[in-house]
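Observations on chain architecture
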Amino acid sequence: MNLRERDQKHLWHPLKQHQLQPESLGIVKAKGCVLTDEDGNEYIDAIATWYTCMFGHCNDFITSRVYAQMQQLDQVMFSDFTHEPAVKLSEELIKILPEGQNKIFFNDNGSTAVEASIKMALQYYFNKGKKRSTFIAFENGFHGDTFGAMGVSGLSVYNGPFEDLLIDVKRIPTPNGENHEEILSLLKDYASNDDIAGFVYEPLVQGAAGMKIHDAEGLNEILKFCKEHQIITIADEVMTGFGKTGKHFASDHIETKPDIICLSKALTAGLIPMAITSCTQEIYDAFLSDDIAKGFFHCHTYSANPVACSAAIAGIELLQTDAIQKNIKEISIAHKAFEEQVKNHPKIKSTRHIGVILALDLNTKMARYGDLRDKLLKFFMSRGVFLRPLGNTIYIQVPYVITKEELEKVYRTIEEALDTL
Ligand SMILES: *Cc1c(COP(=O)(O)O)cnc(C)c1O
């Protein structure tokens with residue numbers, strides 16, 4: 001039996017209705033930008049496996065660092081001990097994080113990074129003897145699948161069965177350059193009873209919503225309002241972090257810096273799950289007390305796993321090399337040219353691009369919604385390109401190490417799809 005068949009006996013996949021889609025493709029190898037399936041077919045990974053392996057799969061520099069770390073120190077309890085990989089990672093990360101970030105707290109995935117940030121904001125106020133229990137978040141945001149993270153997420157397809165159990169969240173639309181007055185009046189209304197603990201947002205790009213890009217100036221105005229009203233600003237950079245938008249972090253495009261930042265996905269370069277919630281000294285200081293209970297009693301067993309830390313340190317080192325920075329710029333230029341080329345295609349409704357992210361919204365009148373997505377996915381795979389449309393949006397988020405030929409092939413395949421489907 002092949003992997004596809006053996007899989008169906010005991011496995012339950014995420015984001016899947018198994019009755020409709022019983023099969024999963026068996027992947028046996030990943031190297032650079034290429035995935036190889038069990039029948040030997042190859043696919044260019046044009047979304048960097050959910051924007052994680054930005055330096056390519058099984059990157060030799062990263063795997064060699066990780067291998068060395070595995071032989072030195074594998075895992076030790078971070079509640080009682082510290083170690084070089086965690087210390088080094090905190091030093092390297094603080095150097096590149098947006099201004100103001102000074103403390104690093106470890107989690108093990110993007111959802112728990114957000115979960116910890118929400119708990120930090122709530123306890124920040126609790127420790128100061130104030131009660132603030134509501135959050136502000138964008139419509140259509142996505143912040144993960146644990147309860148707090150689900151609560152601030154605004155994509156209801158995921159939240160349906162749990163809606164009654166979620167924290168209280170007030171929604172605002174994303175800024176589009178024209179709706180500032182509307183957003184401001186909502187913010188004023190929400191903030192009027194001093195109950196808002198924090199504002200959780202995906203800075204500049206909403207990933208799961210379909211790589212929707214919003215207005216940096218408008219976001220800055222929202223952040224300024226939050227600062228004026230002591231609303232803790234929490235940037236969920238789980239998707240945008242580590243170079244995706246052309247700068248190290250999306251928050252680097254915005255003047256007002258967040259109080260808390262959530263990191264995961266590309267943090268460990270697609271190798272090992274890990275996440276971080278970083279914060280300012282001011283947030284951290286609110287947890288210092290003679291009273292033990294004012295500490296932050298949130299812990300994951302594998303906190304600061306040394307092997308994961310070593311992958312992150314290697315990734316951050318690569319990110320800052322001239323070679324990778326040059327690739328990011330070149331991909332961005334290539335995306336811009338391709339965007340110009342396809343934006344007037346009759347099947348394209350709108351396009352947007354920032355850094356290595358390019359999104360094309362299809363004119364859905366051309367076909368039925370869900371069908372189109374499945375058809376596109378099948379088409380791309382049949383041409384050896386892994387692209388995973390979000391609804392009617394095709395997006396590209398390629399690894400920084402993609403070759404010109406591979407990137408060309410991704411573009412040509414999309415053009416072919418537009419012309420034939
Ligand atoms: C993926 C994602 C998360 C959730 O991360 P997981 O590791 O899947 O739990 C949270 N926020 C954003 C913006 C994401 O893209």
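Treat the numbers as computed from the prediction; the structure is a model and nothing was measured. (Residues numbered from 1 in each chain as written. Predicted model: local features only at pLDDT ≥ 70, side-chain atom pairs only at ≥ 80, totals over all residues. Heavy atoms only, no water.)

So, about the UniProt feature "binding site: substrate" (unreviewed entry) in the protein. The feature "binding site: substrate" (unreviewed entry), as given by UniProt, occupies W50, K265 and R388 in the numbering adopted here. Looking at the element boundaries, W50 is found in helix α2 (residues 48–51). The residues contacting W50, other than those within four sequence positions of it, are L15, K265, R388 and Y395. With respect to the helices and strands, the residue R388 is situated in the loop between β15 (385–386) and β16 (393–397). (UniProt positions renumbered as here; feature names shortened; annotations may be inferred. Helix = DSSP H or I, 4+ residues; strand = E, 2+ residues; numbered from the N terminus. Contact = heavy atoms within 4.5 Å.)

A few words on the nonpolar core. One finds L89, L93, F199, F242, L387 and I414 to be the most contacted residues of the largest nonpolar core, which totals 99 residues. A per-element tally of this core places helix α11 (residues 306–319) first, with 10 residues. Ranked by size, the runner-up nonpolar core spans 26 residues in total, among them A116, V152, A197 and I283. (Core = buried A, V, L, I, M, F, W, Y, C linked by side-chain atoms within 4.5 Å. Buried < 20%, exposed > 50% of the residue type's maximum accessible area, 1.4 Å probe, protein only.)

In the vicinity of the ligand, the contacting residues are N109, G110, S111, F142, H143, G144, E202, D236, V238, M239 and K265. G110 has a polar backbone atom sitting 2.8 Å from an oxygen atom of the ligand. Between the ligand and K265, the relevant distance is 2.6 Å, taken from an oxygen atom to a side-chain nitrogen or oxygen of the residue. By residue class, the composition of the shell around the ligand is three nonpolar, five polar and three charged. (Near = heavy atom within 4 Å. Polar contact = N/O pair within 3.5 Å; in protein donor to acceptor, adjacent residues only side chain to side chain. Nonpolar A, V, L, I, M, F, W, Y, C, P; charged D, E, K, R; others polar.)

Moving on, we come to the sheet that holds strand β12 (residues 275–280). Pairing in this open sheet of seven strands is mixed, and the strands run β4-β12-β11-β10-β7-β5-β6 from one edge to the other. At either end of the open sheet lies a strand with only one pairing partner, and these are β4 (101–107) and β6 (169–172). The sheet shows a mean angle of 20° between the axes of neighbouring strands, taken without regard to direction. Pairing of β4 with β12 involves six bridges; the strand directions are antiparallel. Residue pairing across strands places K103 opposite C279, the latter belonging to β12. Contacting β4, β11 (260–263) and β12, helix α4 (residues 84–96) crosses the sheet at an angle of about 135° to β4. Lying over the sheet, helix α8 (residues 180–191) contacts β5 (134–138), β6 and β7 (196–201), oriented at roughly 165° with respect to β6. (Pairing = 2+ DSSP bridges. Axes fitted to C-alpha atoms, helices over the stretch in contact; angles between N-to-C directions.)

What follows deals with the packing of helix α3 (residues 60–72) against α11. Across the interface, α3 lies against α11 with an axial gap of 9 Å and an inter-helix angle of 150°. One finds that α3 runs roughly antiparallel with respect to α11. Handedness of the α3/α11 crossing: right-handed. Across the interface between the two elements, F61, I62, R65, V66, Q69 and M70 of α3 pack against P306, V307, S310, A311, I313, A314, G315, E317 and L318 of α11. Across the contact of α3 with α11, the residue classes tally to 10 nonpolar, three polar and two charged. (Parallel < 35°, antiparallel > 145°, perpendicular 65-115°, else oblique. Left-handed = near helix turned anticlockwise from the far one by under 90°.)

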